[in-house]
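Geometric and topological summary
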Amino acid sequence: MIIKNIATALQRATLALLLASGPVLAAIPIQHWTQPSGAKVYLVESPSIPMVDIRVDFDAGSRRDPAPQAGLASVTAGMTSKGIAAAANGAATPYPQAMDENQLSDAWADLGAGFDAGASSDRMSFSLRSLTDPEILPKAVQLAARQLGEPSFPDDVWQRERQRISASIREANTRPGTIVGKAYAKAVYGDHPYGYETTEETLQRISVADMKAMYQRLLAPCRAKVSVVGAVTRAQADALVTTLLSRLPAAGRCEALPAVPDVPSLAEPVLREIPFASAQAHVLIGQPGYKRSDPDHFPLLVGNYSLGGGGFVSRLTTEVREKRGLSYSVYSYFSPGLHAGAFTVGLQTRPDQTAQAIQVARDVVASFVAEGPTPAELQAAKDNLIGGFPLLIDSNRKLLENVANIAWYELPLNYLDTWISRVERVTIADVKAAFARKLQPQRMVMVTVGAAAAR
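Throughout this document, residue positions are counted from 1 along each chain, in the order its sequence is written. Confidence filtering applies because this is a predicted model: local features only for residues at pLDDT of at least 70, side-chain atom pairs given and counted only at 80 or more, and all residues used for totals across whole chains, interfaces and linings. The basis for every side-chain value is the complete set of heavy atoms in the structure, and neither hydrogens nor water enter the calculation.

**Observations concerning the pairing of strand β2 (residues 40–45)**
- Should DSSP find at least two bridges between two strands, the strands are regarded as paired. Numbered from the N terminus, helices here are DSSP runs of H or I no shorter than four residues, and strands are runs of E no shorter than two. Pairing geometry for strand β1 (residues 31–34) and β2, over 4 bridges, is antiparallel. Within the sheet, the bridge partner assigned to W33 lies in β2 and is V41.
- Between β1 and β2, which pair antiparallel and follow one another directly, the connecting turn spans 5 residues, one of which, G38, has a positive phi of 100 degrees.
- Pairing of β2 with strand β8 (residues 225–230), which is carried by 6 bridges, proceeds in the parallel orientation. Note that in β8 the partner of Y42 across the bridge is S227.

**With respect to empty space enclosed by the protein**
- Whether a set of points on the 1 Å grid over the protein atoms alone is a cavity depends on a 1.4 Å probe fitting there but being unable to get out, while an open set qualifies as a pocket with protein on both sides within 12 Å along at least five of seven lines; lining residues are those with an atom within 4 Å of a point. Grid points are joined across faces, edges and corners, and a volume is the space filled by probe spheres set on the points. Counting across every chain of the model gives 1 cavity of 30 Å³ or more.
- Contributing to the lining of the largest cavity are I285, R362, V365, P441 and M444.
- Under the grouping applied here, Gly and all other residues not named as nonpolar or charged are polar, the nonpolar ones being Ala, Val, Leu, Ile, Met, Phe, Trp, Tyr, Cys and Pro and the charged ones Asp, Glu, Lys and Arg. Classifying every residue of the lining of the largest cavity gives 4 nonpolar, no polar and 1 charged.

**Considerations on the side chain of D57**
- Mapping D57 onto the fold places it in strand β3 (residues 51–58).
- Residue D57 is classed as buried on the basis of its relative accessible area of 1%.
- Aside from chain neighbours lying at most four places away, what touches D57 is R123, M124, S125, R223, A224, K225, A404 and W408. The cut-offs for exposure are 20% and 50% of the maximum accessible area for each residue type, with area from a 1.4 Å probe on protein chains only; residues under the lower value are buried, those over the upper are exposed, and the others partly exposed. Contacts: residue pairs with any heavy atoms within 4.5 Å of one another.

**Overview of the sheet that holds strand β9 (residues 270–274)**
- Read from one edge of the open sheet, 5 strands run β9-β13-β10-β12-β11, paired in mixed fashion. The open sheet terminates on both sides in strands that have one partner only, identified here as β9 and β11 (330–334). The mean angle between the axes of side-by-side strands here comes to 15 degrees, regardless of whether they run parallel or antiparallel.
- Of the pairings in the sheet, the one linking β11 to strand β12 (residues 341–349) comprises 5 bridges and is antiparallel in character. Bridged to Y331 within β12 is G346. Note on geometry: axes are lines fitted to C-alpha atoms, helical ones only across the stretch in contact, with angles between N-to-C directions running from 0 to 180 degrees.

**So, the nonpolar core**
- Put simply, a nonpolar core is a bunch of buried Ala, Val, Leu, Ile, Met, Phe, Trp, Tyr and Cys residues held in one set by side-chain atoms that sit within 4.5 Å of each other. By size, the foremost hydrophobic cluster in this structure holds 55 residues, and its most contacted members are W108, L148, L219 and V228.
- In terms of residues, this core owes the most to one element, helix α4 (residues 137–149), which gives 6 residues.
- L219 has contacts with F58, A60, M124, F126, L148, M214, L248 and P249, leaving out every residue within four places of it along the chain.
- Judged by nonpolar contacts, the second largest core, of 54 residues, contains L378, L385, L416 and F435.

**Here we look at the pairing of β8**
- Across the 6 residues of β8, 6 count as buried, placing the element largely inside the fold.
- Burial of β8 is two-sided: the residues K225, S227 and V229 facing one way and the residues V226, V228 and G230 facing the other way are all buried.
- Across 6 bridges, the pairing between β3 and β8 is antiparallel. Counterpart to V52 in the pairing with β8 is G230.

**As for the sheet that holds strand β7 (residues 124–131)**
- Taken together, the 6 strands give an open sheet; going across it, the order is β1-β2-β8-β3-β7-β6, and neighbouring strands pair in mixed fashion. Only two strands of the sheet have a single neighbouring strand rather than two, namely β1 and β6 (114–119). Along the sheet, successive strands turn relative to each other by an average axial angle of 15 degrees, direction set aside.
- One ladder, built from 8 bridges, connects β3 with β7; its direction is antiparallel. Residue pairing for β7: I54 is matched across the bridge by L128.
- Across the face of the sheet, helix α14 (residues 396–409) comes into contact with β2, β3, β7 and β8 while running at roughly 150 degrees to β8.

**A short note on unusual backbone geometry**
- Even without being glycine, F153 reaches a positive phi, approximately 45 degrees.
- On the secondary structure map, F153 appears in the loop between α4 and α5 (155–172).
- The phi torsion at E410 lies on the positive side, around 55 degrees, for a residue other than glycine.
- If you trace the backbone, E410 turns up in the loop between α14 and α15 (415–425).
- We classify E410 as exposed; its relative accessible area is 58%.

**Some thoughts on the packing of helix α2 (residues 72–79) against helix α8 (residues 208–218)**
- One can describe the packing of α2 onto α8 by two numbers: an axis separation of 10 Å at closest approach and a directional angle of 90 degrees. The angle between α2 and α8 falls in the class roughly perpendicular. Listed contacts from α8 to L72, A73, V75, T76 and M79 of α2 are D210, M211, M214 and Y215.
- Looking at side-chain class alone, the contact of α2 with α8 contains 7 nonpolar, 1 polar and 1 charged residues. Roughly parallel refers to an angle under 35 degrees, roughly antiparallel to one over 145, roughly perpendicular to one between 65 and 115, and oblique to any angle outside these ranges.

**Some details on the confidence of the model for the protein chain**
- What pLDDT reports is the predictor's confidence in each residue, on a scale of 0 through 100. Scored by pLDDT, the protein chain comes out at a mean of 93, with 93% of its residues at no less than 70.
- Counted against residues more than four places away or in other chains, residues 1–24, with its pLDDT under 50, gives 26 contacts.

This is the structure:
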């Protein structure tokens, strides 16, 4: 209850601060430095609430998975919470003993803090949240250092987890939404790691030894990008990060990791029709989009809000749902990453209306790429994006996510301060040119699940 109350107060205080000066948001100063270990640290001091959030990112996401072992990064991150080995240097930590998953969970509960891990396509991430009370924070950081640097990867727990994940995969594969998503990813990304699918077979090829080897190869202080938001000074943050990374294996030269190939462009349109007995046909349409580092990011962000990212103010909703009643929900989005994440249009419709709904959606996309938004659409997109911006940074956790993205993609430190002005500067010509550079409506992937079964 105490933690919940603190989080609520933090959200209210942050939002009040952001809105206090009217339309001009307060600056968010981000401090940045590189530690002797090579770790890159990004800090936002937020002294109003006695809490700190820390996130550590490594280039160890699923794009580093071997194809026959798809899912390795995800399960490796998950297994870090299943126990820690005895400390290599027990005198340097209040938690020198080995712990199983229950003991580790109890230790975190006793501190009233939390430590989580996960893996996305690009990165493996570890997140610590703790009060800054001097009786709590040092212990929380020491325990997080143990879990980050000395996980035990117990084999018996992995055998259990593999069975649990496999059962989850089998259940998910009975749902049309899962089927269409997997088929779409494979069609858009081809053999690129973004399109890898974790299956029961790939899980069977993953051993504890594989997890340990991946950990040893990819996780080192010199490869870490650490984001810190909370009631700590720069000196305190630097010390916290040093302790947090202290139990990772030190890399001698920290050589660059092998490059991952870019997502290949589509040479021709792709059609996948998957029969499935369901009341609704699931449809995904799209193609490779753009990298997050692309200078077209803001025109694409604003333009997609007009096209299909803005709900009821988007053109796809107007044409597919409101004018023709072909779908309750239709949307579009870009998912940029270190590689060209997909541009996607999604909808569900009655199987007998699938062909019409797809044609309307494709016509809308083609028209938008050719002509761009109308002045009214562009203004509505800007108004909604700018009006919603404070809600993107109204808590420590949301702010941390934004700072972590700035660190990961090496964006300018004033990125958040200039976000609104960059949205405001986008013109119709900017959107039209950016979409023309990124999308080829005549070469789209189209995957349907459920429509063919109704023929």
